[in-house]
Amino acid sequence: MVPTPPVAPTGPAAAGQPVTDLRERLRTGFGLLGPRHPRHMLSKDQVEMLALPIGDDGVVVGVNSEGQPAVLGVNRPTPFDILFIGGLWTTQILALRVAATGARVAVETGRPSHWAQVVQAVGGGQSGMTVHEVGRVPPQGASAMSPVLVIRDCGMRPPRGRVVSAPWQSVLTLLPYLSPLAPRLMRQARLVGVQRVSPDESVEIGRVTGLPRSEYEALPTLADGVTLWCTERDRQYVMTEPTDAEAGLLGTPRRMD
């Protein structure tokens with residue numbers, strides 16, 4: 001009997017990879033072998049040049065006085081109330097950026113026409129941004145997988161809301177100016193943001209929040225787009241500058257609308 005000549009190996013075996021090894025990899029779920037490339041080698045000096053900036057988790061609302069990104073941790077596993085004494089422009093920028101993180105935004109407002117273009121930009125619907133009449137915000141069903149920011153744009157004397165802060169559901173109350181309700185709201189809030197106000201209002205804000213005199217006396221001089229964000233322990237001036245898309249939608253920073 002004439003022996004059968006050997007057949008030239010093809011496929012993985014031709015590349016130096018035994019067929020049995022390939023079958024073993026497929027059987028264990030590792031998949032096919034990928035392409036092979038030369039290793040990327042770096043010198044010690046080059047390795048030290050590699051850096052990945054890591055900061056706080058949250059929404060970038062602007063830059064601080066040092067030019068570093070300023071971040072607000074809006075989505076939290078505990079109830080979180082925010083009082084913002086400022087303009088609609090900054091509030092809407094914040095709403096857009098919160099929605100961009102995948103969180104839902106529910107707006108309770110007496111002026112829905114002012115929010116129409118923002119809702120349209122986000123996409124609206126249950127997975128984006130919704131607008132509700134004052135006192136008619138339904139339960140939002142917030143969770144770790146679907147956090148919610150409720151924005152209360154209800155004028156100088158907002159009524160008590162039906163939907164309150166809860167785990168993964170923060171509430172931001174917008175006041176265009178200081179009102180008789182502001183001191184109570186400031187005491188209840190975990191975070192307070194203040195934009196340009198009158199000298200008399202700045203004195204009252206300083207009294208309630210315990211700001212140093214140099215801090216509250218500077219409030220009447222703040223430029224458009226600048227906010228002083230305060231917690232019990234920290235204070236930070238933040239300049240909010242729009243992206244090109246945000247500027248095209250909402251225009252330039254302004255204190256009043």
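Above this note sits the structure.
Keep in mind the model is a prediction, meaning the values are calculated, not measured. (Residues numbered from 1 in each chain as written. Predicted model: local features only at pLDDT ≥ 70, side-chain atom pairs only at ≥ 80, totals over all residues. Heavy atoms only, no water.)

Participant: Whenever I open this one, helix H3 (residues 88-100) confuses me. Can you help?
Facilitator: Because each turn of an α-helix spans 3.6 residues, side chains separated by three or four positions end up pointing in the same direction. Here H3 spans 18 Å end to end across 13 residues, near enough to the 18 Å set by a 1.5 Å rise per residue. Most of H3 is tucked away, with twelve of its 13 residues classed as buried. Every buried residue of H3 is accounted for by Leu88, Trp89, Thr90, Thr91, Gln92, Ile93, Leu94, Ala95, Leu96, Arg97, Val98 and Ala99. Phi turns positive one or two residues past the end of H3, at Gly102, with a value near 105°. (Helix = DSSP H or I, 4+ residues; strand = E, 2+ residues; numbered from the N terminus. Expected span 1.5 Å × (residues − 1). Buried < 20%, exposed > 50% of the residue type's maximum accessible area, 1.4 Å probe, protein only.)

Participant: Help me understand the nonpolar core, please; the structure alone is not making it clear to me.
Facilitator: Among soluble globular proteins, nonpolar side chains are generally buried collectively. Counting 31 residues, the largest nonpolar core has Val98, Val105, Trp115, Met129, Ile151, Leu172 and Trp229 as its most contacted members. Going through the elements one at a time, strand E1 (59-63), strand E2 (69-72), strand E3 (80-85), H3, strand E4 (104-109), helix H4 (116-122), strand E6 (148-153) and strand E7 (169-175) are the ones with two or more residues in this core. Ranked by residues supplied to this core, first place goes to H3 with eight residues. With residues up to four places along the chain from it excluded, the contact list for Leu172 reads Ile82, Phe84, Thr91, Leu94, Leu149, Val150, Ile151 and Arg152. In terms of nonpolar packing, the next biggest core, distinct from the first, is built from 20 residues, Leu178, Leu185, Val194 and Leu228 among them. (Core = buried A, V, L, I, M, F, W, Y, C linked by side-chain atoms within 4.5 Å. Contact = heavy atoms within 4.5 Å.)

Participant: Help me out: how do you make sense of the pattern of salt bridges in this one?
Facilitator: A side chain with one charge may pair with a side chain of the opposite charge, provided their charged atoms come close. Applying the stated rule across the entire model yields eight salt bridges. Between Asp153 and Arg111 there is a salt bridge, with the nearest N and O atoms lying 2.8 Å from each other. Of this pair, Asp153 sits in strand E6 while Arg111 sits in the loop between E4 and H4, placing them 42 residues apart in sequence. By relative accessible area, which is 26% here, Arg111 ends up partly exposed. Between Glu204 and Arg207 there is a salt bridge; the shortest N-O distance is 2.6 Å. On the criterion of helical spacing, the pair formed by Glu204 and Arg207 is a turn pair, its members being three residues apart in helix H6 (residues 199-209). For Glu204, a relative accessible area of 24% corresponds to the partly exposed category. Here Arg207 falls in the exposed class, since its relative accessible area comes to 53%. (Salt bridge = Lys/Arg side-chain N within 4 Å of Asp/Glu carboxyl O.)

Participant: It is not clear to me how the environment of Pro176 should be interpreted in this structure. Could you clarify?
Facilitator: By the element assignment, Pro176 lies in the loop between E7 and helix H5 (182-188). Given the relative accessible area of 24%, Pro176 is considered partly exposed. C-alpha of Pro176 to C-alpha of Asp153: the two residues are 23 residues apart in sequence and 9.1 Å apart in space.

Participant: Sorry, what's going on with the packing of aromatic side chains here?
Facilitator: Aromatic rings considered in pairs are described by the distance between their centres and by the relative angle of their planes. This model, assessed by the stated rule, comprises one aromatic pair. Considering the side-chain rings of Phe84 and Trp229, the 5.5 Å spacing of their centres and the 15° angle between planes classify their relative orientation as stacked. Of this pair, Phe84 sits in strand E3 while Trp229 is found in strand E9 (residues 226-230), placing the two residues 145 residues apart along the sequence. For the cation-ring pair, Arg76 lies above Phe80, with the distance from its terminal atom to the ring centre recorded as 4.1 Å. (Phe/Tyr/Trp six-rings, centres within 6.5 Å; stacked < 30°, edge-to-face > 60°. Lys NZ or Arg CZ within 6 Å of the ring centre and 35° of its normal.)

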